[in-house]
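Structure at a glance
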Amino acid sequence: MSASTSLAVLAGAPRLVLPWRRRYALVIRGGTVFDGLGGPGIEADVAIDGGRVVAIARDLKDDGAMEIDARGMAVTPGFIDIHSHGDGTLWDDPRAESVVRQGVTTIVVGQDGSSRAPTGGATADGESEKDRHAFASFDQFWQSLKALQPGVNVASMVGLGTVRGIVIGNVNRPATPDERARMTELVEQALAAGACGASSGLEYTPGAFATREELIALCRPLSARRLPYATHMRNEDDHLLEAIDESIAVASGANCPLQISHLKTQGPRNWGKLDDVFARIHRARGGLDIASTKSGETRKAPPSAAKRAKAAPARGRRAEPRPPSTAAAGAAPRIDVAFDRYPYIAYQTGLSNLFPVWSRAGTTEEFLRRLDDPATADQIRRETVAKVDLIGGWDNVQITGVSNYADAAADGKRLGSFAKTQQLEPYALAVALLQRGKANVGMVGFAMSEENLERILAHPQGMVCSDGGAYALDGPTHKGHPHPRGLGTFPRVLGRYVRERKALTLASAIHKMSGFPASRIGLTDRGRLASGMAADVVVFDPATVEDKATYEDPFHYPVGIKAVIVNGVVALHDKQRATERTGQALPASK
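This report concerns the structure included in the present document. What you see is a predicted model, and the numbers here were worked out from it, not measured in a lab.

Cut-offs applied
Once a new chain begins, its residue numbering starts again from 1 and follows that chain's sequence as written. Only residues with pLDDT of 70 or above have their local features reported here, since the model is predicted, and side-chain atom pairs are shown and tallied only from 80 upward, although totals for entire chains, interfaces and linings are computed over all residues. Only heavy atoms go into the side-chain values, all of them from the structure, while hydrogens and water stay out. Numbering of helices and strands runs from the N terminus, with a helix taken as a DSSP run of H or I at least four residues long and a strand as a DSSP run of E at least two residues long. Think of it in three bands: with a 1.4 Å probe and only protein chains considered, a residue is buried below 20% of the maximum accessible area for its type, exposed above 50%, and partly exposed in between. By the convention used here, residues are in contact when the closest approach between their heavy atoms is within 4.5 Å. Note that accessible areas follow from Shrake-Rupley with a 1.4 Å probe, and for residues the cover is restricted to the protein chains shown. A pair of strands is labelled paired if DSSP reports no fewer than 2 bridges between them. In this description, a line fitted to the C-alpha atoms serves as the axis of each element, helices being fitted only across the stretch in contact, and the angle between N-to-C directions of two axes falls anywhere from 0 to 180 degrees. We define a polar contact as two N or O atoms separated by no more than 3.5 Å, with the added condition that, inside protein, one atom must be a possible hydrogen donor and the other a possible acceptor, whereas residues neighbouring each other in sequence contribute only through side-chain atom pairs.

Within the chain, the regular secondary structure consists of 18 helices and 21 strands. Relative to its full complement of 590 residues, the chain shows a buried share of 60%. In the chain, 75% of the contacts between residues at least 6 apart in sequence involve partners at least 24 apart. Split by element, the accessible area of the chain, about 22900 Å² in all, is 51% carbon and sulfur.

The subject of this paragraph is the sheet that holds strand S7 (residues 104-109). Paired through their backbone hydrogen bonds, the strands of a sheet run either parallel or antiparallel. Pairing is parallel across the open sheet formed by three strands, whose spatial order is S6-S7-S8. Unpaired on one side and paired on the other, strand S6 (79-81) and strand S8 (153-156) mark the two borders of the sheet. On average, each strand axis in the sheet is inclined to that of its neighbour by 20 degrees, with strand direction left out of account. Pairing between S6 and S7: three bridges, direction parallel. Paired with Asp81 across the two strands is Ile107, which belongs to S7.

Two residues of an α-helix separated by three or four positions point the same way, owing to the 3.6 residues in each turn. Of all eight residues that make up helix H4 (residues 160-167), eight are buried, and the element is covered over most of its length. Regarding H4, the residues found buried are Leu160, Gly161, Thr162, Val163, Arg164, Gly165, Ile166 and Val167. Buried-residue contacts for H4 involve strand S9 (158-159), helix H5 (177-192), strand S10 (198-201), helix H6 (212-219) and strand S11 (229-232).

Once that is clear, we can look at helix H14 (residues 426-436). The buried fraction of H14 amounts to eight of the 11 residues, a majority that puts the element mostly inside the structure. Buried within H14 we find Pro426, Tyr427, Leu429, Ala430, Val431, Ala432, Leu433 and Leu434. Among the structural elements, helix H11 (364-372), helix H12 (377-390), strand S15 (397-402), helix H13 (415-421) and strand S16 (441-446) are those in contact with the buried residues of H14. Sitting at the amino-terminal end of H14 is Glu425, which places a side-chain oxygen 3.2 Å from the backbone nitrogen of Tyr427. Of the residues flanking the end of H14, it is Lys438, one or two places downstream, whose phi is positive at about 55 degrees.

Its place among the elements puts Asp63 in strand S4 (residues 63-69). On the basis of relative accessibility, which here comes to 2%, the residue Asp63 falls in the buried class. It is 5.8 Å that separates the C-alpha atoms of Asp63 and Arg23, two residues lying 40 residues apart in sequence.

Shown next as structure tokens:
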């Protein structure tokens, strides 16, 4: 048997590959091809060569040096994680195993107000530069990624919290005019160097100290490029609607698109606010979206909104920037609002974020001292316990990672129950974990509604994100007790919410994982399957695709993902990872 024939057999090719018929580097045979734009799938072969899709047709006559049998499978664009923290471990393990094994070929990082570039004397949330891979400029960031050769493509936003930390530090005060000008200049420089948007983390420090006026100023450079302002809003529970209003006001004032990060209604008493959230988004868009109903189906916008939409650009076409002054008298200007969400009812954050923002100002040491200071300790306790009560109590808080080895027994435990085994009051245990771990303790909070989650995923303006990191079953990223979203998000949507619960169609889910996020950040050559596009492709079985990671036991890869191709090279095939890594840095068009 020749070498070429052997390779074809190993790849599951349906017939003998003859050397004189080899034309393409790779052919994916007989799958149901989804273009990523939301349309139905068609049975076709996909030919790849030179890192690009070069043909999509029924029964391609020419063969590939490698062939993948995709009969009975879906063939789709590689998934794009619009809100990822997968860069957190790339320099420790550039394979990005749990990312690739979900079918994700591109991650969008620099989220929640924190990015790896630019750097200064301080970084977001009090980290020091030695605690992470940080870069003086986005040019240096891209160069480092190119040298690293990660397993996935990487795009990045610029973090407004990072920018504030450079210019002002972790200080609770408004920016001066000069400081605002300097921060805006840093944002301009980042966008010029390829950042694909700007992000804020308004529940974290120092981003929480930014005023609305500051955020508008820093987002104005996004307008001409039509890149989004992505915000982890100031509040996602009792003041959710006010936070939505602020986010819309910032994007309106800056005349830029708005991306609401990981949209949620947190705490049972706030679950009923989702209709008001959708209504605000609908109004901000000028009625150009399709409002979501409680059943997860859709209904057309009301006639009044339809009339306003007549002069609007066609959906999917980028609108030209329009200053607010051109809006109709008395009407708010239309803005492009969308959002993302992970398919879980629990969020992940640092344990310190249960504590009030004002208590976290300054250094980590200052925060920890306030926990014991008689002048502040009682007030911190009251506000923290109120926050925990809102999400349902201490057993809705699960510890996901400790930095102090002596506290390893707490990993994966519900804090309320674990406190009983330690004969401690839960708040006292939380403080002790923070004190011993220098505030570096992770948590998962169970606070959201399954019904609302389905409606958010199904909404026409919603897309899928993981908000998670990159992990592996071996090596340096197999540690702690992470949220399962870092290992299961995209297969979970396809298995649980498409196949089982039928909250959305397969074509719609693929669009929310590929074409929609690509258009959001200006990725013109990815996110859809068409001739000439970059060859980021996923082959999966719609009947078996499923997540296996759980809150109790997160370190499991999903099933049903047959193949993942990154820039034309097979990265995963039949559960086997390639040794070659072909991810690229993806700076936005300048």
